[in-house]
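# Inside the fold
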Amino acid sequence: MTKAAEDVRLDRRGDALWVTIDRVARRNAINAAVLAGIRGAVDMATADKTLRAIVLTGAGDKAFCAGADLTEGKDSFQAALDEPTTDFGRLARAVRTLGVPLIARVNGACVAGGMALMALCDLAIAAEHARFGLPEVNVGVFPMQVLVLLRGMIHARHLNELCLTGALIGAMRALDIGLVNEVAPRDALDARVEALLERLRAASPVAVHRGKTALFAMERMAFGEALAFAEAQIALAIRSDDASEGMAAFNERRKPRWAAPGKDQSDA
């Protein structure tokens, strides 16, 4: 078994892939094997068109992810000095082109690099006992890569507070400032995640894939460019089999019957 397979468990549950960081003794801290394991799951979902979602979580109920494993010292970061990109950066780039939703199941502490992993996700549900924070200033560094993700997610005042003070906040505060979509009691977390998965399954897989691609593309565009892009995309989207089925289902007052996952649609 590879180190990535030891530190990250993959569990196929129907059309969802559950990815669990399994380093309970280290509070599910990030090392190279963890990033490799998550990247492997993303690559799997990209290749397997029958998957509809990925759920990312941590083992146990104490921590989602406590950030980088600092017990490995500076040596764990040395390789990054010789490369123009980092392992996390390469993972982030791969996630941005992922065609299915990535859901963070935040089952405990989510700090430092854990915040980065959570921010990579499209949706996040947190247990009510979860805590969030960017304590890097307390160990002499700054959450540089996390800024890339969070500056478009939460208001600058909230981001400044997290980065500059290193203070932790609770799950309800995280909900209030837009870090997570929902907060659930500890024993209801899995049920809430499953309910979210059911809502995603009800949506057109083609529309979700197209929508995720458009959301990412528009982030880099000025208003006029984004509007022109959207106009072109809706003209293409309306020609898909899923669009035809969705409109027929609406008019016939029935649930849509989407094409089998993985079926090619010439204009999708």
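As shown above, the structure is provided for reference.
These notes cover the structure that comes with them. (Residues numbered from 1 in each chain as written. Predicted model: local features only at pLDDT ≥ 70, side-chain atom pairs only at ≥ 80, totals over all residues. Heavy atoms only, no water.)

### Examining the overall build of the chain
Per the secondary structure count, the chain includes 12 helices and 10 strands. When burial is assessed residue by residue, the chain has 42% of its 268 residues classed as buried. In the form shown here, the chain has an accessible surface area of approximately 14100 Å², with 57% of it arising from carbon and sulfur atoms. (Helix = DSSP H or I, 4+ residues; strand = E, 2+ residues; numbered from the N terminus. Buried < 20%, exposed > 50% of the residue type's maximum accessible area, 1.4 Å probe, protein only. Areas by Shrake-Rupley, 256 points an atom, 1.4 Å probe, with all protein chains shown as cover.)

### Side note on the pattern of salt bridges
Counting across every chain of the model gives 18 salt bridges. With a shortest N-O distance of 3.0 Å, Asp22 and Arg9 are connected by a salt bridge. You can see Asp22 sitting in the loop between β2 (16-21) and α2 (32-47) and its partner Arg9 sitting in strand β1 (residues 8-13), a full 13 residues away along the chain. Ionic pairing is found between Arg12 and Asp48, a salt bridge with its closest N-O pair at 2.8 Å. Of the two residues, Arg12 is situated in strand β1 and Asp48 in the loop between α2 and β3 (53-58); the sequence distance between them amounts to 36 residues. Using a relative accessible area of 41% as the deciding quantity, one classes Arg12 as partly exposed. Judged by relative accessible area, which is 22%, Asp48 ranks as partly exposed. (Salt bridge = Lys/Arg side-chain N within 4 Å of Asp/Glu carboxyl O.)

### Digging into the sheet that holds strand β9 (residues 168-170)
If you walk across this open sheet you meet the four strands as β4-β6-β8-β9, and the pairing is mixed. If you trace the sheet from one side to the other, it starts and ends with β4 (63-65) and β9, each paired once. For this sheet the average axis-to-axis angle between neighbouring strands, irrespective of direction, equals 25 degrees. Lying over the sheet, helix α5 (residues 113-120) contacts β4, β6 (109-111) and β8 (131-133), oriented at roughly 95 degrees with respect to β6. (Pairing = 2+ DSSP bridges. Axes fitted to C-alpha atoms, helices over the stretch in contact; angles between N-to-C directions. Contact = heavy atoms within 4.5 Å.)

### Things to note about the side chain of Thr57
Following the sequence through the fold, Thr57 ends up in strand β3. A distance of 2.8 Å separates a polar atom in the side chain of Thr57 from a polar atom in the side chain of Arg105. Contacts of Thr57, omitting those with residues within four sequence positions, involve Val19, Thr20, Ile21, Phe64, Arg105 and Asn107. (Polar contact = N/O pair within 3.5 Å; in protein donor to acceptor, adjacent residues only side chain to side chain.)

### Description of helix α7 (residues 156-165)
Among all positions in α7, only Leu159, Leu162 and Cys163 are buried. For α7, the angular spread of the buried residues around the axis is 90 degrees, confining them to a single face. Facing away from the buried side of α7 by more than 90 degrees, the exposed set consists of Arg157 and Leu164. Packing partners of the buried residues in α7 comprise α5, β8, α6 (144-150), β9 and α8 (171-177). Of the residues one or two after α7, Gly166 is the one with positive phi, at around 70 degrees. (Arc of directions from axis to C-beta.)

### Quick notes on a nonpolar patch on the surface
Where nonpolar side chains cluster on the molecular surface, the patch consists of Leu70, Val139 and Val141 and spans about 280 Å² of accessible area. In this structure, Val141 sits in the loop between β8 and α6. (Patch = residues over 30% accessible without salt bridge, like charges linked within 9 Å, V, L, I, M, F, W, Y side chains within 5 Å.)

### Comments concerning the sheet that holds β3
Ordered by their spatial adjacency, six strands build an open sheet running β1-β2-β3-β5-β7-β10, and the pairing between neighbours is mixed. Two strands close off the open sheet at either side, each with one partner strand: β1 and β10 (182-184). Going across the sheet, the axis of each strand differs from the next one's by a mean of 20 degrees, ignoring polarity. With six bridges connecting them, β2 and β3 associate as parallel partners. Bridge assignment links Leu17 to a residue of β3, and that residue is Ile54. Packed on one face of the sheet, helix α9 (residues 189-201) meets β1, β2, β3, β5 (102-106), β7 (123-127) and β10 and runs near 160 degrees to β7.

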